Each structure stands twice: as structure tokens, then as C-alpha cells.
Amino acid sequence: MPQSTGVIVERFEKALNDLDQAQPFVKSKYQTDVYQEANRLIEMEDGLEHLYKHANQFEQSGVFQDGPWESADKLQPPLVAGSLKAKGLPTIIEVLSELRMLAIAKGDATNPTVSKEMAEEFLNEVMVLNLDILFPDASESSRVEDDSGNSEKAQKLFQFLISHLSSKALVRTLISEIERLTAQRPIMIKRIVSMIQTAKQMTNADSEPEDQEQLQTYIAALEGPSPLSHKYKDLHTYRSQLKDMERNDLISESVSLAKSMRTTGLVAPHHATLIRFLSKRMPGLLTYALGLNSKGLANLEENDELVRQMIKAAIFPATRQAIYGLALMLERGVLSHSPVAPGLRRLIELDIRPEVRKDLYQASQAGEGLTANSILVAGTIQVLGQPLGVGQGFNPTCQAARGISLWAQHAPGFLLEIIPRAARDGDIDFTFEGQAINSQHLSGGLAPNLHTELDPVSLVLVPHLDRIYSEMMSRVALRGDDGHRWVNPAFYGNWVQKGFNSAFDPLTGYVLDYPGFVKLFYATHHPEYNDDYELIYPNPVGIFITNVHGKLLGLHAISITRIAEGPDGEYRVFFYNPNNDGSQNWGQSIEPSVQGNGEEEGESSLPFDEFTSRLYAFHYNPYEQGDAYAVDTAIVNKILTLAKESWGKDYTWV
Amino acid sequence: MELDQMEVNTSVEQSEKKPETKPYLTALIGWSLQAIEAAARMERPFVVVGPPEFESYAEKHDIRFVGWDFNKLNEGSDQLYKKLNALGVEVAVPLYEECVEWAGALNARFREEPRIFNRSLLLRDKGMMKRKAQIAGIKVGVFEEAHNKEDIERFLRRVNEALLKIDGDVLDPIHVKPLDKAGSVGHLAIRTVDEIDQINDTDFPLLMESHLDGQEFSVEAFIHKGKVQFLNITEYVRLGYSNFVPASPSLREKRPLIEEAVQQLVDAFEIEYGVIHPEYFITPNGTLHFGEVAARVPGGHIFELIERAYGFSAYEAQILCSDPNTTPEELELFFPNPYDYQGFAGCLMVHPQREYVKDLEVPEELENHSYFEKHDLFTPAQGKVAERIGFGNHYGTIFFFGEDSEEMRHLLKEYEQYDFYV
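Residues numbered from 1 in each chain as written. Chains lettered and ligands numbered in written order. Predicted model: local features only at pLDDT ≥ 70, side-chain atom pairs only at ≥ 80, totals over all residues. Heavy atoms only, no water.

Undergrad: I'm lost on the overall build of chain B in this one. Help?
TA: When you go through chain B residue by residue, the secondary structure sums to 15 helices and 18 strands. In terms of overall size, chain B behaves like a compact globule, its C-alpha atoms giving a radius of gyration of 23 Å where 422 residues would be expected to give roughly 22 Å. Oriented by its inertia axes, the alpha-carbon framework of chain B measures out at about 75 × 55 × 50 Å. Every one of the 422 residues in chain B was classed for burial, and the buried ones make up 54%. Relative to all contacts within chain B whose residues are 6 or more apart in sequence, the contacts with residues 24 or more apart total 66%. Working note: accessible area of chain B is about 19,600 Å², and carbon and sulfur atoms make up 49% of it. Side-chain charges of chain B comprise 43 positive and 74 negative groups, with the mean position of each set lying 3 Å from the other. (Helix = DSSP H or I, 4+ residues; strand = E, 2+ residues; numbered from the N terminus. Rg over C-alpha atoms; globule rule 2.2 N^0.38 Å. Buried < 20%, exposed > 50% of the residue type's maximum accessible area, 1.4 Å probe, protein only. Contact = heavy atoms within 4.5 Å. Areas by Shrake-Rupley, 256 points an atom, 1.4 Å probe, with all protein chains shown as cover. Lys, Arg positive; Asp, Glu negative; His and termini not counted. Charge placed at Lys NZ, Arg CZ, Asp CG, Glu CD.)

Undergrad: What am I meant to see in the overall build of chain A here?
TA: For chain A, the count of helices and strands is 31 helices and 10 strands. Its C-alpha atoms give chain A a radius of gyration of 27 Å, near enough to 26 Å, the size a compact globule of 654 residues would have. Over its C-alpha atoms, taken along the principal directions, chain A stretches across nearly 80 × 70 × 50 Å. Across the 654 residues that make up chain A, the buried fraction comes to 55%. Summing over all exposed atoms, chain A offers an accessible surface of approximately 27,800 Å²; the carbon and sulfur share of this is 49%. In chain A, 58 positive and 84 negative side-chain charges are present, and the distance between their average locations comes to 5 Å.

Undergrad: Would you mind showing me how to read the packing of helix H1 (residues 5–21) of chain A against helix H2 (residues 27–43) of chain A here?
TA: Helix-helix packing is described using two parameters, namely the angle between the two axes and the distance between the axes. All names here are of chain A. Close contact between H1 and H2 brings their axes to 9 Å; oriented N to C, the two are set at 160 degrees. The pairing of H1 with H2 is recorded here as roughly antiparallel in orientation. As H1 runs across H2, the sense of the crossing is left-handed. Between H1 and H2, the residues in contact are Thr 5, Ile 8, Val 9, Arg 11, Phe 12, Ala 15, Leu 16, Asp 18, Leu 19 and Asp 20 and Lys 27, Tyr 30, Gln 31, Asp 33, Val 34, Glu 37, Ala 38, Arg 40 and Leu 41, respectively. Within the contact of H1 with H2, the residues separate by chemical class into 10 nonpolar, two polar and seven charged. (Axes fitted to C-alpha atoms, helices over the stretch in contact; angles between N-to-C directions. Parallel < 35°, antiparallel > 145°, perpendicular 65-115°, else oblique. Left-handed = near helix turned anticlockwise from the far one by under 90°. Nonpolar A, V, L, I, M, F, W, Y, C, P; charged D, E, K, R; others polar.)

Undergrad: Help me understand the pattern of salt bridges, please; the structure alone is not making it clear to me.
TA: All names here are of chain B. Counted according to the given criterion, the structure contains 57 salt bridges over all chains. For Glu 292, the salt bridge identified is with Lys 126, shortest N-O distance 3.4 Å. One end of the pair, Glu 292, is in strand E13 (residues 288–294); the other, Lys 126, is in helix H7 (residues 126–135), and 166 residues separate them in sequence. In this structure Lys 126 comes out as buried when scored by relative accessible area, which is 4%. Put simply, Arg 255 and Glu 259 hold a salt bridge, and the shortest N to O gap is 2.9 Å. (Salt bridge = Lys/Arg side-chain N within 4 Å of Asp/Glu carboxyl O.)

Undergrad: Looking at this model, I keep getting lost on helix H22 (residues 340–348) of chain A. Mind explaining?
TA: Since the α-helix advances by 3.6 residues per turn, residues separated by three or four positions end up pointing in the same direction. All names here are of chain A. Those residues of H22 that fall on the buried side of the exposure criterion are Val 340, Ala 341, Gly 343, Leu 344, Leu 347 and Ile 348. An end-on view of H22 places all buried positions within 165 degrees of arc, on one side of the element. Where the residues of H22 are buried, they touch helix H20 (304–314), helix H21 (321–332), helix H24 (372–385) and helix H26 (412–425). (Arc of directions from axis to C-beta.)

Undergrad: Teacher, can you tell me more about the interface of chain A and chain B here?
TA: Note: interface size is frequently given as the accessible area lost on complex formation between the parts. Across the contact, 24 residues belong to chain A and 22 residues belong to chain B. Linking chain A to chain B there are five salt bridges. Its salt-bridge partner being Glu 37 of chain B, residue Lys 29 of chain A comes within 2.7 Å of it at the nearest N-O pair. On the surface where chain A and chain B come into contact, there are 13 residue pairs in polar contact (both at pLDDT 80 or more). For the side of chain A that touches chain B, the secondary-structure elements that each account for two or more residues are H2 and helix H6 (89–105) of chain A. Among the elements that take part in the side of chain A that touches chain B, H2 of chain A stands out by supplying eight residues, more than any other. Taken together, the residues of the side of chain A that touches chain B break down into nine nonpolar, seven polar and eight charged. (Polar contact = N/O pair within 3.5 Å; in protein donor to acceptor, adjacent residues only side chain to side chain.)

Undergrad: Is there a simple way to think about the packing of aromatic side chains in this case?
TA: Aromatic rings considered in pairs are described by the distance between their centres and by the relative angle of their planes. All names here are of chain B. Per the stated rule, a full pass over the model turns up 59 aromatic pairs over all chains. Taken together, a centroid distance of 6.1 Å and an interplanar angle of 65 degrees make the contact between Phe 70 and Trp 102 edge-to-face. Taken together, the residues Phe 70 in the loop between strand E3 (65–67) and helix H4 (78–87) and Trp 102 in helix H5 (residues 100–110) connect sequence positions 32 residues apart. The same class applies to Phe 70 as to Trp 102, namely buried. Here the basic side chain of Arg 109 rests over the ring of Tyr 81, its NZ or CZ set 4.0 Å away from the ring centre. One residue, Arg 255, lies across the ring of Tyr 339, its end atom 5.5 Å from the ring centre. (Phe/Tyr/Trp six-rings, centres within 6.5 Å; stacked < 30°, edge-to-face > 60°. Lys NZ or Arg CZ within 6 Å of the ring centre and 35° of its normal.)

Undergrad: Just checking my understanding: could you explain the domain arrangement of chain B for this structure?
TA: Structurally, chain B comprises domain 1 (3–122), domain 2 (142–210) and domain 3 (215–416). Centre-to-centre, using C-alpha coordinates, domain 2 of chain B lies 28 Å away from domain 3 of chain B. (Domains from an automatic or database assignment.)

Undergrad: Help me understand the pairing of strand E9 (residues 615–620) of chain A, please; the structure alone is not making it clear to me.
TA: Strand residues, when the strand is regular, have side chains that alternate between the two faces of the sheet. Residues and elements named next belong to chain A. For E9, the tally of buried residues reaches six of six residues, placing the bulk of the element in the interior. With four bridges connecting them, strand E3 (residues 499–502) and E9 associate as antiparallel partners. Pairing of Phe 500 across the sheet is with His 619, part of E9. Summarising the sheet, strand E5 (residues 539–546) and E9 pair through two bridges and their orientation is antiparallel. Along E9, the bridge assignment pairs Gly 542 with Ala 617. (Pairing = 2+ DSSP bridges.)

Undergrad: Help me understand the nonpolar core in this model?
TA: Burial of nonpolar side chains together is a common tendency in soluble globular proteins. Counting 117 residues, the largest nonpolar core has Leu 99 of chain A together with Leu 28 and Phe 222 of chain B as its most contacted members. Considering each element in turn, this core owes the most residues, 10 residues, to H6 of chain A. Formed by 93 residues, the second largest nonpolar core is a distinct cluster that contains Val 267, Ile 323, Ile 352 and Ala 372 of chain A. (Core = buried A, V, L, I, M, F, W, Y, C linked by side-chain atoms within 4.5 Å.)

Undergrad: Is there a simple way to explain empty space enclosed by the protein in this structure?
TA: One way to see where empty space is left: roll a probe the size of a water molecule over the atoms. Residues and elements named next belong to chain B. Applying the stated criterion to the full structure yields five cavities of 30 Å³ or more. What lines the largest cavity is a set of 23 residues, and nearest its centre among them are Asn 107, Ile 116, Ile 271, Tyr 273 and Ala 295. Every element with two or more residues in the lining of the largest cavity is listed here: strand E4 (89–94), H5, helix H6 (115–122), strand E12 (274–282) and helix H12 (314–322). If you tally residues by element for the lining of the largest cavity, the top one is H5, at four residues. Among the residues making up the lining of the largest cavity, the classes are represented as 13 nonpolar, six polar and four charged. Built from parts of two domains, the lining of the largest cavity gets at least three residues from each of domain 1 (3–122) and domain 3 (215–416). Taken as a whole, the second largest cavity holds about 50 Å³ of empty space. For the second largest cavity, the full set of lining residues is Ile 233, Pro 246, Ala 247, Arg 252, Arg 255, Tyr 310, Pro 338, Tyr 339 and Tyr 341. A breakdown of the residues in the lining of the second largest cavity according to their chemical character gives seven nonpolar, no polar and two charged. (1 Å grid on protein atoms, 1.4 Å probe; cavity = no way out; pocket = protein on both sides within 12 Å on 5 of 7 lines; lining within 4 Å. Points joined across faces, edges and corners; volume = space filled by probe spheres on them.)

Undergrad: Please explain unusual backbone geometry as it appears in this structure.
TA: The general pattern is negative phi for most residues beyond glycine and trans for most peptide bonds. Pro 205 of chain B follows Phe 204 of chain B through a cis peptide bond whose omega is 0 degrees. Considering the arrangement of structural elements, one finds Pro 205 of chain B in the loop between strand E7 (188–190) and strand E8 (206–210). The omega angle of the peptide bond from Val 245 of chain B to Pro 246 of chain B is -10 degrees, so this bond is cis rather than trans. A positive phi is found at Asp 46 of chain A, a non-glycine position, where the angle reads about 65 degrees. Along the chain, Asp 46 of chain A turns up in the loop between H2 and helix H3 (47–53). For Asp 46 of chain A, a relative accessible area of 47% puts it in the partly exposed group. Positive phi, normally seen in glycine, also occurs at Gln 588 of chain A, with a value near 55 degrees. Relative to the assigned elements, Gln 588 of chain A resides in the loop between strand E7 (571–576) and strand E8 (603–607).

Undergrad: Sorry if this is basic, but what is going on with the state of the cysteines here?
TA: Cysteine pairs can be covalently joined through their sulfur atoms, and such a bond is termed a disulfide. Applying the stated criterion across every chain yields a total of zero disulfides over all chains. Distance from the sulfur of Cys 99 of chain B, which forms no disulfide, to the nearest cysteine sulfur (Cys 321 of chain B) is 19 Å. (Disulfide = S-S within 2.5 Å.)

Undergrad: I would appreciate a short explanation of the pairing of strand E2 (residues 46–50) of chain B in the present structure.
TA: Residue and element names in this part refer to chain B. A large share of E2 lies buried, amounting to five of its five residues. Residues Phe 46, Val 48 and Gly 50 point to one face of E2 and Val 47 and Val 49 to the other, with burial holding for every one of them. With four bridges connecting them, strand E1 (residues 25–29) and E2 associate as parallel partners. Its bridge partner lying in E2, Ala 27 is registered against Val 47.

Undergrad: Help me out: how do you make sense of the domain arrangement of chain A in this one?
TA: All names here are of chain A. Looking at chain A, the domain boundaries give domain 1 (5–165), domain 2 (171–223), domain 3 (337–475) and domain 4 (499–653). Just the C-alpha atoms count here: the centres of domain 2 and domain 3 sit 31 Å apart. Each partner contributes residues to the interface: domain 2 has five residues there, and domain 3 has eight residues. Carbon and sulfur atoms make up 60% of the area that domain 2 and domain 3 hide from each other, which totals about 590 Å². Contact with domain 3 buries area across many residues of domain 2, yet Ile 187, Met 188 and Lys 190 alone supply 82% of it, more than any other trio. Between the two partners, domain 2 and domain 3, sit two residue pairs in polar contact (both at pLDDT 80 or more). Here the residues of the side of domain 2 that touches domain 3 sort into three nonpolar, no polar and two charged. (Buried area = accessible area lost by both parts, 1.4 Å probe.)

Right, dumping it as C-alpha cells:
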């Protein structure tokens, strides 16, 4: 006979009371029993309600004492998912910690360091970051990956939280998260789409009218932003409606869809139907449907036939996001590079290897009847149109993503050379210091098990690029200097400058002459000190990634795209961050922005000094140095303090 | 803290405080939250001498703490006495195996009785321990110290020759264990010559002894002024996996015999204060064989089981008995009648039975059994299981409590087979 909830509740209360009575130094001895009984309750129906009744006592009783959850104000929403997935003890404590936060948020408990609002904000953030738990999708990956009963516990927790939290605030948080993400215009929009869908499910009569309106823009962008597409959701009907329309109506339909795409970066499936229709019947209207500027129009007219060929081969409802890529590609004038047109044409008929074909199919939605070539061409259009929208996904392959982005900007011909090499030949070759490196002969790399939620081009290239980069790094590993000095120019291309400086010595890990490092960066990059040399090609630099408390998390590869004045007249560093989440909080109130400070789509930016404080290595042109000595000591000292009090704690300073 | 730094500190403190500071401090040698809790509950002023890694924890919780590396033995070792003396410590209580001789050395200085240290060394060398027992007329198995693999092979052959085994007979096993490790750490049964190769050259010197048949049990004896004040018998169901307190009626019948043997051991080893934890084998006809003895907190959660069965804290008892100043009245008041227990308290230590685990399965019948009290098993982080060292590092423990020792034994046996980690 299973034990009744009452018995367990009593046992939990006893355990909690024993813990409460225990001396502060011996709490850990009594915590185990609390966790055990709590675990039994979590698994029971209404168990969370019973636990919540005591949530106001958790903290003072010592439930979290001496563990990672001890200080409520130091908890971070992004870490919640990891604990919930970790199974066992971390899950149990995480659930209890969320209940503590809920008690604070609802005013049932007070905390000296966390206010009601902070707790609510924290929980909202947690919910938004874990939408997949809240509204599980039935995708293959979530099925395969989740074989434990833990997602059930997590789901229970989130259902419980949502029933206690104000949906208003949650919707508000969701919308600002959607805004933040769409501002960066990533190629992969899966997360954005699932957030919009969630927000849609959660809005109700109580929601703020403003929020509803704003959300409506996003929902429409996905489902049908024009009156006609809104009316005829079904693509077949929509298509047959198009046939009967006058030129003027088609123009206004085109303008309407293009406007939605341009404001949100999201493309409705109808848009693909429209583009295909226009391409066949009225190619003259394509410019309206793409919302092209004059440069884009000129490029379209110049390459009319190729564009129509690509539309035919690659623009389908399933690849609709490529329409945005196509529009931007035309405006960037990429097709005017002579190798691009033949390069794209080659992809349409490329003989793709079976395993690559399989990967491409798996990464796209099933049941759309697409060929692997269509997927690949659409992906290539996207990368060429949105070079800063390339992301590394869930892989530690920032170098490869940075390469693809860089080539898409400045060497599209090269990119179009290596895509078929990988897709058709299963190999990419680089020459490094006179020796050939063939990816097909290499194993390992940073991502032997690539997470496949990637754009098609990355999916094809990253496994090769990652291995080549690793191989190059291992060939220079023993040279006593940061290997990026030699590897970056060889890997990314000759436009990476040969001068190189690093904040710490890679052999000893000691930070040497940091003020000199800072001054050199100013003298080579800051327009006030570098004799006005402009940054011409993106500069691949290394940064210390720190968390919200400034604690070092690791090293990361990004590219500086430009240095320019922000709206307030202060110089800012604009950069591309391949993690597709360019506005994480790096601590010490250093928070990269992705919009509002003059960023282009996909760029992040920081004030020059704040950026410098996280930099650890950069390239420079030794012939374009300005006046390092002129850099104000106050600036150097400020950066030195920021560095020492964040990542610097993990290094020895000499 | 560096040694030279400490020197500066102690000299300053020494000049401020007299060694006879009252009330005096008790030093807990080792790190055990239960012991610290007991000392605090007794409202005794105390200081913990523990591995330096606990320093920040102690500081956070205002526990008086002296960081000490027990593995480092050199001319600086005297500093510990000086430091503790300056603090006003008069009693040292060992908690771990590795701390026994440190506590011995300290108590020898505190009481100005050098021999206390030598006695504590006796408890730290299984070879010396056996020899001492043998000299005192206590029944032990045949034993020898081994310095290399040839010694072991010779011992295995000689023991079996003595047992009149001839070629082709299955050999009687011998047991080897390191001279100075706790309990079952490094213990190995050798049945064939080939098995000798499992032993690493770095494990020597070892104690070898002949196999003893019979039921194994342990005794926790609390000793004050050389007299056993309280004696608990812990019945082993399977060594290292399960035991319960107090002993079942059949073993309890032998209690007078056991009490006599333990007092004999205490006398032979000249143990005056503290707790000892000897292990014995008893044959069906009532012959006792002495296995080994330790003078510290026993493993197998035995102290917790004693507390559950008898209702007194064994940690408090250890501290009380370690202090020569404790009065007979205090002891009288503290210890219950050994026949006066509230029930049988048992535990099962669970270690995964496979190499790779990813989940925990605790059967409902177990949780619903009226003897079931609690467990501390959690779903493990998925992964490879570490090899078991001695009988330590078990993944978790299941605690039982009930009226009937037979039902207890049955439960412990039944679930010992159960695969909790899958």
C-alpha cells in the first residue's frame, strides 16, 4: 500500500524542523533528509502545493546553506535548466529554490537581498528560457534526448509556477526577449518561433493591449501579415487567389508582406508562394515583394535570370526565411562578384554526398518534398545575405562560425568554393605554412558530435572547418606563443593582420604588461589614437567570457566589425558574436547591446573601454600604429580595474 | 598556514595565556560534523584540528579550527602541540584512523605520559597489534608481516601445509591488508598463488593472516580509567554492506564472554580513555578469535545505529570517555543498561552493482516496509562507477529500525542483492 501524502508531508515537516533546529555548522547533516522527503513530495500529486506552504521557511531553516543555491541574489536563470536536467540532487534543490523565489515573488516570504520584483523577474526569465519544458514540442531530438522522468518533474514545476505567476509579466518578458533576439536577425529562428507561439498561447483577455498589439505583429509575420494571407491561411487557396489578382493588388500584397519581413526578420510561408508566383508570372514585381532599395533593384535587374533560377530552385514555403536572405544578398551586391553567379549555379546541380544529403534532410522539416540541393542553395543565399546571422548553435565551434561569416562578407567566391568541396567531395583542404591539411584525414575537433540545429551551410562546413582549425592549432601548440597568431591568418585568409598581441602568456598563464596590451589596442584600433586608420576587414579577436558576476567562464572567438561613434558620441566597438545571443550580461554592468546604439543587424556593441576590458587577443597591422603613449592613464587604469576584478581573478598578474 | 608563521603566532599567544587555562578545550582530531555537533551540544569548549581544506567552512561557521596535514610527519609536528597547548587544550579525541597516533601524541604531552603515544602506535600497526594480543594470550589467527610477494606465497603454502592440504586440494584462503589503513581498506583474500599478482608492490608491507571461520561482529566499547563503561555489540550481516545494533539474541547470549574478552583486550593494550572498536569472530562452540582493533569512530554508521537503538549519542560518549576529568557519576547518568534498547537499528550500505549507472530505483515495497526509516540515495549523475575503496565511498545508506532481529537480518540480506542503481 503506497504511503499517503499526509504521511510524507508529516515526515517532510519533521525533517525541515530538525534542519531548522540544527546548529548552523551542521545543517548539511540534516539537509539530506529534507531533500529526500521533498523528492517524494515532488513526485506526488499536489506535492508542490504542500512544499510551497513551507517555502517561506526554506532559507532560514538552512535548506540551501553552504551549497550553490545559498544566496538567492546570486542565482542565474540560465543555469536553472542545467540543474533540472542534471537529475538527482540538483533537480530537487533547484525545485525548492524556485519555490523559494515564488514565495518571495508573491510576498509570502521576504528576503534581504531579493525584492518581490527581482524574484518575479527571475522567475519570468527562467520561464522564458525554458519554453521547451513548459510547452514541449514533439520533435525527434527532444524525444531522443530525454529518456528520464526528470522533464516530468520540471514540467510539473513550471506548470505550478505559471499557475501562480502573473501571465502579464511573463508575456511582457517574452516579448522583450523576442525583440532582443529578432533584432539580431539570426538565420536560425526556431527559438524565436517557439517563443512567439508560447506568447500567443499565454495571452488572454487580461493581457495588456500594447503587448497584444506588439505580439500580433510577430504572430502575423509568421502566419500571414497581409489582409489576403491573413484571410487565406491555406497556401493552396492563397495561391489560387493570387492568379485572379490585378497588378495593383499584387503590388500592395507584395509591399505588405515585404514590410512585415523587413520589420521582424521573419517570413510568412505565403511570401514564398507569392515570390514563386511573381517570378513566373510577373518578375517585374519581385522588387516590391522583396522590398528592395535602389542598389538591390539594380542588382536584381542585372542578374534577373539567375535570381529567378534560384527562386525556382530554392524558395519554398519551407525555406521561406531565404527570401529575407535573398533580399539582403541583392542589396549587398554580392552577385556582382564574378565568382558568385557560377558558384551558386553549381550548387543547384551539385552531386551531394549521401551522408550530407541525409544531414540536410534531417535539419529541415519533413514532408515538404524538398531536395537537398534546394536546402543547400537556400542556406547559401541566407549566409550570403545575412553574414552576421550565422550562429554556432549549441556547438563550441565559434571559430568555424566566425569563418563562415567572414567569408560570406568578404570572400563569397571562396565560400562558394568550399561548400561544394565539402558537400560533394567530403573534404576541404587548406594550406598551412606550406603543408596541405585535408579535413577528410583528420579526426577529432571540438565538436565530434555536432549538434545539428544549424543553418545548412554550417551543417555542411563546420565539421570540416572545426577539424582543420584544431589541426592547425595543434601544429603550433609548442611554439610558446598563442597559436592564433599563426593560425588565424592561415585559416581566415590574408586579410587578417600579421601583428598579434595577447594579454597573457599561454605557457605560464601569467598576465604580462597588461597596460601595454591595452595601450596597443587603443593605438591600433581607437580612432583618436590610431592616426585614423579605418578597420577594413573584420578582426578576429579573442575575448574572456564572464558571467553576470564577472566570473570567468571561458575564452570565446568573436570578430570586431567596426569601430564607430555611438549615438552619444562615445566610441564603441561593434562586433559579431557567433553565439547568436549577443546581449548577454558580462557582469560589472558590462552588457553588450544589439540595438539602439547604432548596431547593424546581427552586430553587438560595447563602449570601447568596456570592450577592451574583456579582450585577450587581437590582430593588428604593425604598419598602422598610432600613439600608444598618448592613451590616458585614467582610461588604462579603469580598464585594468575592470579586468582584475573579473576574469583577472583566475590569472596570475606579474 | 606556513610553519614559520605559526611559530610567530604561538609565541604571541603563549605569552598571553597560561597552559592551565580553565575551562580547558577539547581538541577533535579529524573532521566529523557529528562529533562537532556533539561537542557543541555538550557545551564543551572545543577546537577542531582538521585537514586545511575545511578551514573556510570552519571560519564561515565560527568553529575554532586549526588546519593540519596529518600525512606530513616531520620535526615541525611538535608545533601542533604547542599551538593547542597555547589555546588551552587538554584532551584530544581521534576521529579518523589517520588521526589516532596524533591524538595519542597530543594526549601523551597533555598528561605528561609518553607511553600513551606508544600505545596509540600499537593501534596503528596491525602487525604489532596482533603480536601484542598474542603475547597477552588473546586468541588470534596465524599471522606474519609480508615485505614482498615471495613472503605471501610462502605464507600461503605454509598455512595450507599446516592444514595438511595436499597437491590438488583447494587451498584455505589467507588474508592480506596494509598495516596502517582503516578497516577494510586494501583488504584482500588470497586463494591461489596466481592471485598474489593482484597486489601492487607499493602496497607492502602487509599483514597476512590465516582465515578465521565463524560469525563476525564488532564491539564498540567506551572506556574510562581503563574500565569498560558501556559495551555495544554490532552484528555484521555482511561485512562492509550491512550490520545492525544491538546483537541478535543468539549472539547476545555470549555477552558475558565478550565483555570478559574486551576487558582483557583493554588491559593488554593498556587503554585508559576513549572508544575502541575491535572485531571478533565467534565459532558456534563459543570460541572467540580476535581480528583487529581501532580506537576511533567506527565505520558502517555504527554510531548512528547505537544512537537509534539506545537513545544516547555515541559521539558524546566518546568525548566524555576521552576526558580523564569526567566523573563516575556523569558516566553513570549517561550510559543506559546495555540490555535496555528500544529496538534493532540496522543499515545497508549501497554501492552500484554495475560499472555504469544512470538511474536510481528504490522499490516501493522497501519504502513501505514498517522497518524502513530513511535512505540517502539520490539519482546519480549518469556515469561510470568508481571502484569501491575498502568499504567506504558507498553511494548511500538505507536505515531500518524494528523489533525483531530476524526480520532485520532478512531485510538486510534481501536488499543487499537488490540492484538500486540501474
